[in-house]
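Examination of the molecular architecture
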Amino acid sequence: MQRDLHPDLHLPAQPTDTPQPISLDVLREKYLKNGEPDAEALFARVARALASVEPAEQRARHEALFLANLRAGAIGAGRIMSAAGTDIQATLINCFVQPVGDCIQGVDDGGYPGIYEALREAAETMRRGGGVGYDFSRIRPRGAIVKGTASQASGPCSYINVFDQSCSTVESAGARRGAQMGVLRIDHPDVLDFITAKRTPGRWNNFNVSVGVPGAFMAAVEAGADWELVHRAEPGAALQAQGAHRRADGLWVYRTVPARALWDTIMQSAYDFAEPGILFLDHINEDNNLRYCEDIAATNPCGEQPLPSYGCCDLGPIILTRFVRQPFGLQGGEPAFDFGAFEAAVATQVRALDNVLDLTFWPLPQQREESSAKRRIGVGFTGMGNTLAMLRLRYDRPEGRAMAVRIARHLRDAAYRASVALAQEKGAFPKFDADGYLAEGTFASRLPADIQALIRRHGIRNSHLLSIAPTGTVSLAFADNASNGIEPPFSWSYTRRKREADGSTSEYAVEDHAWRLYRLLGGDVSRLPDYFVSALAMPAADHIAMMQAVQPYVDTAISKTVNVAADYPYEDFKSLYRQAWQAGLKGLATYRPNTILGSVLEVTAPTVPAAVPAPPPPAEPAAAPVDPMRAVIESRPKGGLSAVAEKLEYWTQEGHKTLYLVVSFLPVPDGRGGTVDRAIEFFMPVGQSGESQQWITSSMRLLSLAARGGFLERALSDMRKVAWDRGPVRLGTHRKDDGTPVPLWHESEVAAMAYAIQSILARRAEQPMQQQVLPLDEPPLPSGMPPAMAGKKCSECGAHAVIRKDGCDYCTQCGHLGSCG
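Source: prediction; values computed, not measured.

A few words on the overall build of the protein. A tally of regular secondary structure across the protein gives 25 helices and 29 strands. A burial count over the protein gives 59% of its 821 residues as buried. Across the protein, the fraction of contacts at a sequence separation of at least 24, relative to all contacts at a separation of at least 6, is 72%. Carbon and sulfur atoms make up 51% of the accessible area of the protein, which amounts to about 32500 Å² in all.

What follows is the structure in structure tokens.
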């Protein structure tokens, strides 16, 4: 029996009902629209929109139910909270999976769109706000025959480059990063290129990548057997001469490799580069309620939604912390979880998300058709780590996992019952077939017997109902910074500085919800109980154990990143993936901070103002403009020149370094009766030792030639883009928009030297007679932040410290939260 969450139901007030500043900031920046002063107005907008697809005479009732549910903590995913009820033609769906066929245009012989048609479809989807996952395995391997053009194929990896660049272009037109997931099967002949692609600096920056692994491959790894790399496309003559051959099932074997060697290549890349992730395809498809009418080969960008072609994830998490009564037992009673109120919220959430499918703008008609046929939704939760702490249970202990299972079981049963009730009211999804849906081995076949009987009798409205996604900014804006999704907390508190409109700087704490509540209820946060356990304080095996406990109660998948320490042993790391496979998980993503990640995951140089100011306009428009800063100087003038000697201090993986540079300036006419100093000579004084001396000396000579040739700015700009494989270099500071000073990072010593010289030239142009010290003072890190971890470059502070946490991009240097799938 569905229990409605009545509009006048109010959950017990908590001290954290007054939002902390970070929540208000994110709410204003990401979700409030013009004229909306607070979350209450936003909730009213969303509730009204969700109720608009109901019959006219029932809209007021459902609007009140949806509004009460939003207040109670049953919120929509980011796209819903941002765009529902607005006139923006953006999708309310977070992510999709799009098919890619084995042809350039049109459709291939399997009915899949050609590569450039798939590219167009993906661009339209991302333009409307959706992330996209793809399986590129249909694309023929490098060296396969292309009969139509009498040529050879370039392989899927070359086309992934095109999709990556398209995403960058689409991303630049809007505020939301175009998240993508690229998948290739482990038996594709180009899988080794795919696995190692991200070892190339700057490649596929707009992609998460995962390898699709069937059980047969894992069995081959266990047995130490060989593994065939196959495709239906015929290999070229050269490959056939090397042994490529056709096997009995019609597929071409391009080559055979030891399964363990291939597995070790994946593991080494995941260990060093945090990718690829692993998708266990058999587990995904065997568990699928719709395995009788679809095959799944890819997921959305964060991995919590395995989806068929044109499938979507319509998500809405429930804030678990709202349902804890007597948190921590600090108010005289034993802490408890209100399962009754939780089930009522779940039931209403099912209806709300089902309505989203009828309300949303669909980027493509195929997406609408796929959704209408199956009506997938994803009720989930956020705040699991905080909830367990509030119930005085450790996340990494059996009792904590047991409570998580109870919550997941109640979520499952309430959602499936509500969907059956909706089917009685509105009809089952069109593709529903009771025998196939309840066949042995599907997720639905493990439901309680009474629910299975109801499904067989009445059908069910939604093919899938559950998804544990990362919640990112939604958790910050609406859940008082509760722990993300299924994750434990990452840090308890840190300080954030923000520049105000009047130019002043304010400072405030960003606090974990449970930690904050414990303090406000009178707990001593200087001596936290042992049930306060953070993500980095527990073994990796306990992260997987939580996934193993909860996954059987989730009909899609769980997005979770298993973070391990930099010194985590490689053999233990490899065992995590086998443990995940043996546990029946549908996939696994890990992150180990290391020095390699700091230098190779992104090489785009930041934009730097020109080192020399632009010349004034010529006095006579008809005369050819002469730029004194760019005219060629044939040779160095004789005699002494004005010079500046600079001491540069910077930091590499080898530690603190010091270098002295000298820049000589020549006064040249500025065209207005005065002079301007022009740098024409760069050199490093003698007496400095170290292996870098030769390349620095050489670089200074080349810069001197560029300076006298009139193209110094371009030369310095090119130097700023130089990357190397020895980790990032820290030199100088950058001030964020909120006023916080943070270290500035560069891709190499060459790039750092170019930045230093640009700074010297800029200061010389502004104050030619004053010697200044390059601003190299190291600013203090925000207090309370976890140790910085090596990762890709942060768009906020420039530090190579962005890791994948809870399925989201998170900067461990400044706390910036980036995209979440």
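So, about the pairing of strand E9 (residues 252-258). Across six bridges, the pairing between strand E7 (residues 226-231) and E9 is antiparallel. The residue bridging Val230 from the neighbouring strand is Val253, located in E9. Strand direction decides the pairing type here: strand E8 (residues 245-246) and E9, joined by two bridges, are antiparallel. Its bridge partner being in E9, Arg246 is matched across the sheet by Trp252.

Right, let's get into the sheet that holds E9. Note on sheets: strands pair through backbone hydrogen bonds, and any given pair is parallel or antiparallel. The sheet built from three strands is open, its strands ordered E7-E9-E8 with antiparallel pairing. Single-partner strands in this sheet number two, and they are E7 and E8. Here helix H10 (residues 259-273) sits on the sheet in contact with E7 and E9, set at roughly 80° to E9.

Looking now at empty space enclosed by the protein. By the definition in use, this model includes six cavities of 30 Å³ or more. A volume near 570 Å³ is recorded for the largest cavity. Looking at the largest cavity, it is lined by 43 residues, and the ones nearest its centre are Asn208, Glu275, Pro301, Ala589 and Arg804. Sorting the residues of the lining of the largest cavity by element identifies strand E6 (208-213), strand E10 (277-280), strand E21 (587-591) and strand E28 (800-805) as the ones contributing at least two each. Here the lining of the largest cavity gets five residues from one element, more than from any other, and that element is E21.

Where charged atoms from two side chains of opposite charge approach closely, those side chains can pair. The final tally for this structure, using the stated rule, is 43 salt bridges. When salt bridges with common partners are traced through the structure, they connect Glu54, Arg351, Glu425 and Lys426 into a single cluster.

Further remarks concern the packing of aromatic side chains. Summed over all chains, the structure comprises 30 aromatic pairs. Judged by centre distance (5.3 Å) and plane angle (80°), the rings of Phe136 and Phe163 are edge-to-face. With a gap of 27 residues between them, Phe136 in the loop between strand E2 (131-135) and strand E3 (145-146) and Phe163 in helix H6 (residues 156-172) connect regions that are remote in the sequence. With respect to class, Phe136 is no different from Phe163; both count as buried. Taken together, the aromatic side chains of Phe217, Trp227, Trp263, Tyr271, Tyr570, Phe573 and Tyr577 make up a single cluster linked through ring pairs. A cation sits over an aromatic face here: Arg592 above Tyr271, 3.6 Å from the ring centre.

The subject of this paragraph is the nonpolar core. With 115 residues, the main nonpolar core has Tyr416, Tyr437, Ile455 and Phe478 as its most contacted residues. Of all the elements, helix H15 (residues 398-426) adds the most residues to this core, at twelve residues. Per-domain counts for this core show at least three residues from each of domain 1 (90-94 + 300-562) and domain 2 (95-298). If sequence neighbours within four positions are ignored, Phe478 has contacts with Leu27, Tyr31, Leu42, Phe43, Ile75, Met81, Ile319 and Arg322. Judged by nonpolar contacts, the second largest core, of 56 residues, contains Phe136, Tyr159, Ile195 and Ile544.

All right, on to the pairing of E10 then. Residue alternation in E10 divides its side chains into two sets, Gly277 and Leu279 and Ile278 and Phe280, and both sets are buried. With four bridges joining them, E6 and E10 adopt parallel strand pairing. Bridge pairing links Val211 to Ile278 in E10. Across two bridges, E10 lies against E21 in antiparallel orientation. Across the sheet, the residue bridging to Ile278 is Leu588, located in E21.

Another point: the packing of helix H3 (residues 59-72) against helix H12 (residues 339-359). For the pair H3 and H12, the least separation of the axes is 10 Å and the interaxial angle reads 120°. Crossing geometry of H3 relative to H12 is assigned as left-handed. Along the contact surface, H3 presents His62, Leu65, Phe66 and Asn69, while H12 presents Ala345, Thr348, Gln349, Arg351, Ala352 and Asn355. Considered class by class, the residues forming the contact of H3 with H12 number four nonpolar, five polar and one charged.

Here the focus is unusual backbone geometry. With an omega dihedral of 5°, the bond running from Glu275 to Pro276 counts as a cis peptide bond. With respect to the helices and strands, the residue Pro276 is situated in the loop between H10 and E10. Positive phi outside glycine occurs at Tyr310, with the angle close to 70°. The phi dihedral of Gln326 is positive, around 55°, even though this residue is not glycine. Gln326 sits in the partly exposed class, given a relative accessible area of 32%.

On to the sheet that holds strand E13 (residues 312-313), then. The eight strands lie next to each other as E13-E1-E2-E5-E6-E10-E21-E20, forming an open sheet whose pairing is mixed. Looking along the sheet, the strands with just one partner apiece sit at the ends: E13 and strand E20 (561-563).

Another point: H3. Taking 1.5 Å as the rise per residue, H3 with 14 residues should run 20 Å; its terminal C-alpha atoms sit 20 Å apart, in good agreement. All of the buried residues along H3 are His62, Leu65, Phe66, Leu67, Ala68, Asn69, Leu70 and Ala72. Residues of H3 that are buried in the fold lie against helix H2 (39-51), helix H4 (78-83) and H12. Trailing H3 by a residue or two, Gly73 shows a phi angle of about 120°, which is positive.

Glancing now at the confidence of the model for the protein. Counting all residues, the mean pLDDT for the protein is 85, and 84% of those residues have values of 70 or more. Across residues 769-779 the pLDDT falls below 50, and counting only partners more than four positions away or on other chains, this stretch makes 30 contacts in the model.

Residue placement: Thr561 occurs in strand E20. Each C-alpha atom, one on Thr561 and one on His543, is 8.6 Å from the other, the two residues being 18 residues apart in sequence.

Moving on, we get to helix H13 (residues 365-374). Taken residue by residue, H13 has Gln367, Glu370, Ser371, Ala373 and Lys374 as its buried positions. Seen end-on, H13 carries its buried residues on one side only, within an arc spanning 165°. Projecting away from the buried face of H13 at angles above 90 degrees are the exposed residues Pro365 and Glu369. Buried positions along H13 lie against strand E1 (95-98), helix H5 (115-127), E13 and H12. Backbone geometry just downstream of H13 places Arg375 in the positive-phi region, at approximately 55°.

The next thing to look at is the environment of Ile186. Note that Ile186 resides in the loop between strand E5 (180-185) and helix H7 (191-196). The contacts of Ile186, once residues within four sequence positions are left out, are Val191, Val211, Gly212, Val213, Pro214, Phe217, Trp227, Leu229, Leu262 and Ile266.

Quick notes on the rules
- Residues numbered from 1 in each chain as written.
- Predicted model: local features only at pLDDT ≥ 70, side-chain atom pairs only at ≥ 80, totals over all residues.
- Heavy atoms only, no water.
- Helix = DSSP H or I, 4+ residues; strand = E, 2+ residues; numbered from the N terminus.
- Buried < 20%, exposed > 50% of the residue type's maximum accessible area, 1.4 Å probe, protein only.
- Contact = heavy atoms within 4.5 Å.
- Areas by Shrake-Rupley, 256 points an atom, 1.4 Å probe, with all protein chains shown as cover.
- Pairing = 2+ DSSP bridges.
- Axes fitted to C-alpha atoms, helices over the stretch in contact; angles between N-to-C directions.
- 1 Å grid on protein atoms, 1.4 Å probe; cavity = no way out; pocket = protein on both sides within 12 Å on 5 of 7 lines; lining within 4 Å.
- Points joined across faces, edges and corners; volume = space filled by probe spheres on them.
- Salt bridge = Lys/Arg side-chain N within 4 Å of Asp/Glu carboxyl O.
- Phe/Tyr/Trp six-rings, centres within 6.5 Å; stacked < 30°, edge-to-face > 60°.
- Lys NZ or Arg CZ within 6 Å of the ring centre and 35° of its normal.
- Core = buried A, V, L, I, M, F, W, Y, C linked by side-chain atoms within 4.5 Å.
- Domains from an automatic or database assignment.
- Left-handed = near helix turned anticlockwise from the far one by under 90°.
- Nonpolar A, V, L, I, M, F, W, Y, C, P; charged D, E, K, R; others polar.
- Expected span 1.5 Å × (residues − 1).
- pLDDT = per-residue confidence, 0-100.
- Arc of directions from axis to C-beta.

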